[in-house]
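The primary structure of each chain is shown beneath.
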Amino acid sequence: SGEPRQAARWVRFARVAVAEAGAPPALQATLLNNEGVLAHRSGDFRAAVLAHQQALALRLEQLGPQHPLIARTHSNLGAAWKALGHADDAREAYELALRIEEATLAPTHPQVAETLNNLGNVLLDQGAHAQAREALERALHIKESTFGPEALPVAVTLSNLGSALIKLGDEREADAALLRALRIKRARAGDDALTVAVTLTNLAELRRQQRRWEEAV
């Protein structure tokens, strides 16, 4: 489609511009990071991993290990690893990002919440349901205090938390989390949004677990 072709043209243009600027490491790292994001969006997750690894190496040389931009690069790498199905590598990347963010950002910074949310999802993939719940509850608390209780980012984490609670067998709390997430998402994004479908799928799983077959649609 047109978007991948436009992205490829942007990459070619950016590479020329960086080369003409003398290829300073900071610009190279930014370009590699952006190439990784574009590769991820186009579904080329291996290329995304490689680009983010190269960006990380350059940024570590420039900034050292304890910098918010290093954390962001670890998070981007974690997302690419997760998309490839490499949960262990994704978890390591997100845990590194979280440690840096907790040391360099405010405890209630939105990026801390986002990393906790992403880490929680990877822990779910690994079957570490109790740890996933802990991470997602922390993310939820930060998002509620930062964005307010009716914000869409809150609903996204509520839906993920509902999945963890289902796996833990806590049906009452899972029900409350998923219904709240669904209400917020419908209000903020509309019934046709993909994010609503995700929560409906989680809710259907819960209804099947509760043997409420007529509602598991």
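Before any of the text, the structure's been laid out above.
If you're wondering where the values come from, they're calculated on a predicted model, not measured in any experiment.

The rules behind these values
Residues numbered from 1 in each chain as written. Predicted model: local features only at pLDDT ≥ 70, side-chain atom pairs only at ≥ 80, totals over all residues. Heavy atoms only, no water. Helix = DSSP H or I, 4+ residues; strand = E, 2+ residues; numbered from the N terminus. Contact = heavy atoms within 4.5 Å. Polar contact = N/O pair within 3.5 Å; in protein donor to acceptor, adjacent residues only side chain to side chain. Expected span 1.5 Å × (residues − 1). Buried < 20%, exposed > 50% of the residue type's maximum accessible area, 1.4 Å probe, protein only. Salt bridge = Lys/Arg side-chain N within 4 Å of Asp/Glu carboxyl O. Core = buried A, V, L, I, M, F, W, Y, C linked by side-chain atoms within 4.5 Å. Arc of directions from axis to C-beta. Axes fitted to C-alpha atoms, helices over the stretch in contact; angles between N-to-C directions. Parallel < 35°, antiparallel > 145°, perpendicular 65-115°, else oblique. Left-handed = near helix turned anticlockwise from the far one by under 90°. Nonpolar A, V, L, I, M, F, W, Y, C, P; charged D, E, K, R; others polar.

(A) Just the environment of Gln-209, in detail. Relative to the elements of secondary structure, Gln-209 occurs in helix α10 (residues 194-209). In this structure, the C-alpha to C-alpha distance between Gln-209 and Glu-171, residues 38 residues apart in sequence, is 8.5 Å. Residues within four places of Gln-209 in sequence aside, it is in contact with Ile-166, Gly-169 and Glu-171. A polar contact of 3.5 Å, which involves the side chain of Gln-209, links it to the side chain of Glu-171.

(B) Representation of the side chain of His-52 within the structure. Structurally, His-52 is set in helix α3 (residues 45-63). With sequence-adjacent residues up to four places away left out, His-52 is seen in contact with Asn-33, Gly-36, Val-37, Thr-73, Asn-76, Leu-77 and Ala-80.

(C) Up close: α10. Helix length check: α10, at 16 residues, gives a terminal C-alpha distance of 23 Å against a target of 22 Å (1.5 Å per residue), a fit within 8%. Turning to α10, its buried residues number three or more, namely Val-196, Thr-199, Asn-202, Leu-203, Ala-204, Leu-206 and Arg-207. In this fold, the buried residues of α10 make contact with α8 (152-168) and α9 (171-189). A positive backbone phi angle near 60° is found at Arg-211, which sits one or two residues after α10.

(D) The arrangement of the pattern of salt bridges in detail. Tallied over the full model, the rule gives twelve salt bridges. In this structure, Lys-143 engages Glu-114 in a salt bridge whose closest nitrogen and oxygen atoms are separated by 3.6 Å. You can see Lys-143 sitting in helix α7 (residues 129-147) and its partner Glu-114 sitting in helix α6 (residues 110-126), a full 29 residues away along the chain. For Lys-143, a relative accessible area of 3% corresponds to the buried category. According to the relative accessible area criterion, Glu-114 is partly exposed, its value standing at 32%. For Glu-150, the salt bridge identified is with Arg-183, shortest N-O distance 2.7 Å. Of this pair, Glu-150 sits in the loop between α7 and α8 while Arg-183 sits in helix α9, and the two are 33 residues apart along the sequence. Judged by relative accessible area, Arg-183 falls into the partly exposed class, the value being 44%. Connected through shared salt-bridge partners, Arg-133, Glu-137, Asp-170 and Glu-173 make up one network.

(E) Spatial organisation of the nonpolar core. By size, the foremost hydrophobic cluster in this structure holds 48 residues, and its most contacted members are Val-112, Leu-116, Leu-123, Leu-158 and Leu-206. Where this core is concerned, the elements lending two or more residues are α3, α4 (68-84), α5 (87-104), α6, α7, α8, α9 and α10. In this view, Leu-158 contacts Leu-140, Ala-177, Arg-180, Ala-181 and Ile-184; residues no more than four positions away in its chain are not counted.

(F) Just α5, in detail. Taking 1.5 Å per residue as the helical rise, α5 with its 18 residues ought to reach 26 Å, and the 26 Å between its terminal C-alpha atoms agrees with that figure. Within the sequence span of α5, burial applies to Ala-87, Ala-90, Ala-93, Tyr-94, Ala-97, Leu-98, Ile-100 and Glu-101. Projected down its long axis, α5 carries its buried residues within an arc of 170°, all on one side. Looking at α5, the residues exposed on the side facing more than 90 degrees away from the buried face are Asp-88, Arg-99 and Ala-103. If you follow the buried residues of α5, they end up packed against α4, α6 and α7.

(G) Region of interest: the packing of α8 against α9. The geometry of α8 relative to α9 is characterised by a closest axis approach of 8 Å and an angle of 155° between their N-to-C directions. It follows that α8 is roughly antiparallel to α9 by the angle criterion. Every pair of crossing elements has a handedness; the one defined by α8 and α9 is left-handed. Between α8, through Leu-152, Val-154, Ala-155, Val-156, Leu-158, Ser-159, Gly-162, Leu-165 and Ile-166, and α9, the contact on the second element is made entirely by Glu-173, Ala-174, Ala-177, Leu-178, Arg-180, Ala-181, Ile-184, Lys-185 and Arg-188. Considered class by class, the residues forming the contact of α8 with α9 number twelve nonpolar, two polar and four charged.

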